[in-house]
Amino acid sequence: MTPSRARLDPFVLVVEGSVGNEDINGEGHWTGFGVNPANGQPITLNEWIDRLAPKAAAVVAVGTCATYGGIPAMKNNPTGAMGVADYLGWKWRSSAGLPVINIPGCPAQPDNMTEVLMYLVFHLAGMAPVPDLDEQLRPKWLFERTVREGCNRAGFVEEGNFATEYGSDHRCLVKLGCKGPVVKCNVPVRGWVNGIGGCPNVGGICMACTMPGFPDKYMPFMDPDQWGNAAANFERFSYGPILNYFRKRNIKNKYDIEPEWRRRGSSLTSGYQPRW
C-alpha cells in the first residue's frame, strides 16, 4: 500500500492476471487483494489499478491474462475478464508518458520479464530510450519475429518435410497443429530456462499463448489450421521433394567430401604458389 500513499516515487506497477469486470459482479467480487479498513470489504484488483496506475511511472502487464485477458477472457466467460490495456485504455499513458507495456506468455518467459523491467529502470533513469513497442504494446525487439522464424525445425519446411506423429523426429510440427507460422514469440530462440527448451524445440506444438486472440482463435489446439495444412501439403507435394533431392545430392557429391589435396604424399598439391 506504500505507493498508493505516495511514499514511493517513481515506481513501476506490475500486474499479473486478468482484470475482471467488477461492474457486472452482482453482490460479490471477481478478484480481491487485501481489505479496506473503512468498510471491511476486499479491495478489488480494479480498485488497486485505479489507485496506482495514475501515479506509476510505468505499468507492465505480465503474462497473457494480464496483457489480453487470456483463458479467463474466453468467449462465454461470466467475468467479463480483460487485459490491463483493455481496462485502462490502449491510448492510456503513465505519468512518465509510457503506454501499458505487455509481456505476453502463458506463462511469460522469465528472461523477457527481467529484461523489460531492467530496460524500464534504465529508461526511467535517463540512460535508455523509450521502449519500442508494436501495435499490441509488446516490446518489438522480443516479439517482432514469428515462432517459425526462430524455430530449429523451420529448415524442414521448404523441403516439405513434416512430422505426422509426436516424438518421431525433428521435422516441422505444423501438420500436428503448431501455430508457429503466425505467432509472434521469441521462446524458440531464447529458450525457456538458461537458454534451454522452448515449445517446438522440445517437440511441443506452439499453441499461440503470446497472441491477443489466445485461446479462442487457435482452438482446438492440436488441429492444424486449414490454410496452414494446405500450405504444408503444397510444399510437401510440389517443390519440397525436388529441393530435398537435389540438396542431398549436392551435399553428397560436393560438400560432404574433403578436398583432394588433404592427404599424405611426397609433394604439395593444394595449389599453393610460392612467391620467392
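A brief structural summary. Please read all numbers here as calculations on a predicted model, not as lab measurements.

A closer look at unusual backbone geometry
Following Cys-106, the chain continues into Pro-107 via a peptide bond in cis, with omega recorded as 0 degrees. Structurally, Pro-107 is set in the loop between β5 (101–103) and α4 (110–124). In the segment running from Phe-214 into Pro-215, the intervening peptide bond is cis, with an omega of 0 degrees. Here the phi dihedral of Asn-194 falls at roughly 55 degrees; this positive angle occurs in a residue that is not glycine. Position of Asn-194 relative to the elements: it lies in the loop between α7 (187–190) and α8 (226–237). Within the chain, Ala-208 stands out as a residue other than glycine whose phi angle is a positive 75 degrees.

Describing the sheet that holds β5
Taken together, three strands build an open sheet; the order of strands is β1-β4-β5 and the sheet is parallel. Edge positions in the sheet fall to β1 (12–16) and β5, since each of these pairs with one other strand and no more. Strand-to-strand twist across the sheet, computed as the mean angle between neighbouring axes with direction ignored, equals 20 degrees. In this structure, strand β4 (residues 58–62) lies alongside β5, joined through three bridges in parallel fashion.

As for the packing of aromatic side chains
Summed over the entire model, instances satisfying the criterion amount to five aromatic pairs. Note that Arg-51 overlies the ring of Trp-48, its terminal NZ or CZ placed 5.0 Å from the centroid.

Considerations on a nonpolar patch on the surface
Judged by side-chain polarity, Val-12, Val-14, Leu-117 and Leu-124 come together as a nonpolar surface patch covering roughly 250 Å² of accessible area. Where the nonpolar patch is concerned, the elements lending two or more residues are β1 and α4. Take Leu-124: it is sitting in helix α4. You can call Leu-124 partly exposed: its relative accessible area is 32%.

Remarks on α4
The first and last C-alpha atoms of α4 sit 21 Å apart over 15 residues, in line with the 21 Å expected at 1.5 Å per residue. The set of residues buried in α4 consists of Asn-112, Val-116, Leu-120 and His-123. Burial along α4 is one-sided: seen end-on, the buried residues are contained in an arc of 65 degrees. Exposed side chains of α4 directed beyond 90 degrees from the buried face belong to Thr-114 and Val-121. Residues of α4 that are buried make contact with β1, β4, β5, α5 (140–143) and α7. For α4, the N-terminal cap is Gln-109; the gap from its side-chain oxygen to the backbone nitrogen of Asp-111 is 2.6 Å.

Quick word on the pattern of salt bridges
According to the stated counting rule, one finds five salt bridges in the structure shown. Between Glu-115 and Arg-190 there is a salt bridge; the shortest N-O distance is 2.6 Å. With Glu-115 in helix α4 and Arg-190 in helix α7, this residue pair connects regions lying 75 residues apart in the sequence. Given the relative accessible area of 26%, Glu-115 is considered partly exposed.

Rules and cut-offs
Residues numbered from 1 in each chain as written. Predicted model: local features only at pLDDT ≥ 70, side-chain atom pairs only at ≥ 80, totals over all residues. Heavy atoms only, no water. Helix = DSSP H or I, 4+ residues; strand = E, 2+ residues; numbered from the N terminus. Pairing = 2+ DSSP bridges. Axes fitted to C-alpha atoms, helices over the stretch in contact; angles between N-to-C directions. Phe/Tyr/Trp six-rings, centres within 6.5 Å; stacked < 30°, edge-to-face > 60°. Lys NZ or Arg CZ within 6 Å of the ring centre and 35° of its normal. Patch = residues over 30% accessible without salt bridge, like charges linked within 9 Å, V, L, I, M, F, W, Y side chains within 5 Å. Areas by Shrake-Rupley, 256 points an atom, 1.4 Å probe, with all protein chains shown as cover. Salt bridge = Lys/Arg side-chain N within 4 Å of Asp/Glu carboxyl O. Buried < 20%, exposed > 50% of the residue type's maximum accessible area, 1.4 Å probe, protein only. Expected span 1.5 Å × (residues − 1). Arc of directions from axis to C-beta. Contact = heavy atoms within 4.5 Å. Polar contact = N/O pair within 3.5 Å; in protein donor to acceptor, adjacent residues only side chain to side chain.

Interpretation in functional terms is not warranted from these geometric data alone.
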